Amino acid sequence: MTKIKKITLSRPGNSAKFTIIDTDAPCVTNPDDVLIAVHYSGLNFADVMMRLNLYPETPKAPFTPGYEVSGKVLALGSAVEGLEVGDEVMGGCYFGGYSSQVKLSSWQVKKIPENLTLEQGAGFMVSYLSAAFGLFELARVREDDHVVIDCGSGALGAILIKLLRHNGVAKITALTRSQEKLEAIENFGARALTHEQWQMADERADLFINSRGGRSIKSDMKKLSPLGRIVCIGASNMVHQNKVSLFKIVREFIGMELLGRPSVMGLMNSNNGVFGLNVLKLFDEPERIKRLLAEPFFYPVAPKIDSVFPFDQVNQAHEKLGMGRSSGKVLLSWK
Ligand SMILES: NC(=O)c1ccc[n+]([C@@H]2O[C@H](COP(=O)([O-])OP(=O)(O)OC[C@H]3O[C@@H](n4cnc5c(N)ncnc54)[C@H](OP(=O)(O)O)[C@@H]3O)[C@@H](O)[C@H]2O)c1
C-alpha cells in the first residue's frame with residue numbers, strides 16, 4: 001500500500017503542536033471521487049482558532065486540519081466529468097487538507113483557471129467563497145456602498161478588496177491594527193486606516209465586514225448608516241499573540257453575546273441588518289458552492305500569497321498566522 005504524509009493535531013490548546021504521520025494513501029471508491037496529489041495546502045485563521053480550541057466545529061482529536069488544497073489529479077471515479085488525470089486543480093475540503101494526498105467529491109474540485117498559479121489555487125477557495133457569499137448573497141453590496149473591512153491586511157481582506165473593485169464598488173476602507181501594514185492594504189487597492197483612525201473619523205459605513213467579533217460589533221453598529229449591514233465572520237479578538245486566555249474568551253463572549261448583541265427592536269428603529277457567515281458550514285450545500293464557483297466574477301480575482309512553508313514547518317507557519325504577521329495567504333508546500 002502506498003504511504004502518504006498527514007499533519008495531525010492531538011490536543012488543541014495554547015501549547016498544541018502539530019505532528020507528521022505516515023498513513024495509507026486514499027483510493028478512489030466512489031464514481032464521483034477525485035484523488036489529488038497535493039502540492040500546496042492553504043492555511044486559514046480558522047485553523048488557528050481550531051488549534052486553540054476556539055472553533056466550535058473542531059473534530060475529536062487526533063485529526064487532520066485543512067480546508068483547501070491545490071495539486072494534480074491522480075485518479076478519477078468513473079462518473080467524474082470535465083477533469084482528467086494530471087489536471088491542475090484546486091479543492092475545498094471540510095478538514096483533512098493538511099495532507100500530501102486528498103480524496104474529494106468532484107463538486108469540491110475546480111480546474112485551476114489560467115490566471116491563477118498552483119500556489120494561488122491553494123489560497124483561493126475559502127477566501128473567495130467567504131467574500132462572495134458575504135458580499136453578494138448576504139449583504140447584497142451596491143456600487144455606491146461604503147464598505148469597511150476590519151481584517152484588511154489578510155488573505156480575505158485582499159480578496160474582498162479585489163472582488164469589490166472588480167464589481168464596481170469604489171469606496172472601500174480597510175483596517176489594520178498595525179501601522180506597518182497600511183501600505184500592503186493600499187497595494188490591495190483600498191484606503192487604509194488603523195482601527196483607531198477609523199474610530200476617530202467622522203464617517204459611516206454602509207457595510208461592515210466584521211471578523212474581530214466581541215465588543216467590536218457594538219462599535220460597528222454605532223457607525224452604520226441607515227440601511228447599513230454588518231456581516232459577522234469571526235471572533236479574532238479572542239486570540240492574543242497566538243494564544244487565548246480564559247479572561248479574553250469571557251470578555252469577548254460577553255461583549256458579543258450579551259452586552260453587544262443587537263436587539264431586534266433596535267435594528268428595526270435604525271433600519272440595519274446583522275448577518276452571520278460560516279462558509280465552512282456551507283460545505284453541506286454543494287449546489288450553492290457550485291453556483292458561486294461558476295459565477296463570472298470568479299476568474300479575475302487572484303489571491304495574494306504571503307509565504308510558503310515546507311510541510312514540516314507547519315508549526316512555524318501557524319505561528320506566523322496566529323501572531324498576525326502575514327499579509328496574504330500562508331501555504332504549506334508538499335513538493
Ligand atoms: N466566517 C467565515 O466563513 C470566514 C471565512 C474566512 C475568514 N474568516 C475570518 O476572517 C478573518 C480574516 O481571515 P484571513 O483568512 O484573512 O486571515 P489572515 O490572513 O490570518 O488575516 C487575519 C488578519 O486579521 C488581523 N487580526 C485581527 N485580530 C487578530 C488576532 N487577534 N490575531 C491575529 N490576527 C488578527 C490581522 O491583521 P492586522 O494585523 O493587520 O490587524 C491578520 O492579518 C479571520 O478572523 C477569519 O477567521 C471567516
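Rules used in this analysis
Residues numbered from 1 in each chain as written. Predicted model: local features only at pLDDT ≥ 70, side-chain atom pairs only at ≥ 80, totals over all residues. Domains from an automatic or database assignment. Helix = DSSP H or I, 4+ residues; strand = E, 2+ residues; numbered from the N terminus. Nonpolar A, V, L, I, M, F, W, Y, C, P; charged D, E, K, R; others polar. Core = buried A, V, L, I, M, F, W, Y, C linked by C-beta atoms within 7 Å. Buried ≥ 20, exposed ≤ 12 C-beta atoms within 10 Å, placed from the backbone. Contact = placed C-beta atoms within 7 Å. Pairing = 2+ DSSP bridges.

Let's talk about the domain arrangement of the protein
So, step 1. In terms of domains, the protein is made up of domain 1 (3–124 + 302–333) and domain 2 (127–280).
So, step 2. Using C-alpha coordinates to define each centre, domain 1 is positioned 26 Å away from domain 2.
So, step 3. Secondary-structure elements contributing two or more residues to the side of domain 1 that touches domain 2 are α1 (45–51) and α11 (314–322).
So, step 4. The biggest single contributor to the side of domain 1 that touches domain 2 is α1, with three residues.
So, step 5. In terms of residue class, the side of domain 1 that touches domain 2 is built from 10 nonpolar, six polar and four charged.

Brief notes about the nonpolar core
So, step 1. Grouped together as the largest cluster of nonpolar side chains are 87 residues, with contacts concentrated most on Ile36, Val147, Ile159, Leu160, Leu164 and Ala174.
So, step 2. Two domains share this core, each providing at least three of its residues, namely domain 1 (3–124 + 302–333) and domain 2 (127–280).
So, step 3. Beyond its immediate sequence surroundings of up to four residues, Ala174 is in contact with Ile149, Gly152, Gly157, Ile161, Ile185, Phe188, Ala190 and Ala192.

Section: the pairing of strand β15 (residues 329–333)
Taken residue by residue, a regular strand's side chains alternate between the two faces of the sheet.
So, step 1. Judged by how many residues are buried, β15 sits mostly within the fold: four of five residues are covered.
So, step 2. One ladder, built from three bridges, connects strand β3 (residues 33–42) with β15; its direction is antiparallel. Each bridged residue has a counterpart across the sheet, and for Tyr40 the counterpart in β15 is Ser333.
So, step 3. Here strand β14 (residues 305–310) runs beside β15; their pairing, made up of five bridges, is parallel. Opposite Phe309, over in β15, you have Leu332 as the bridge partner.

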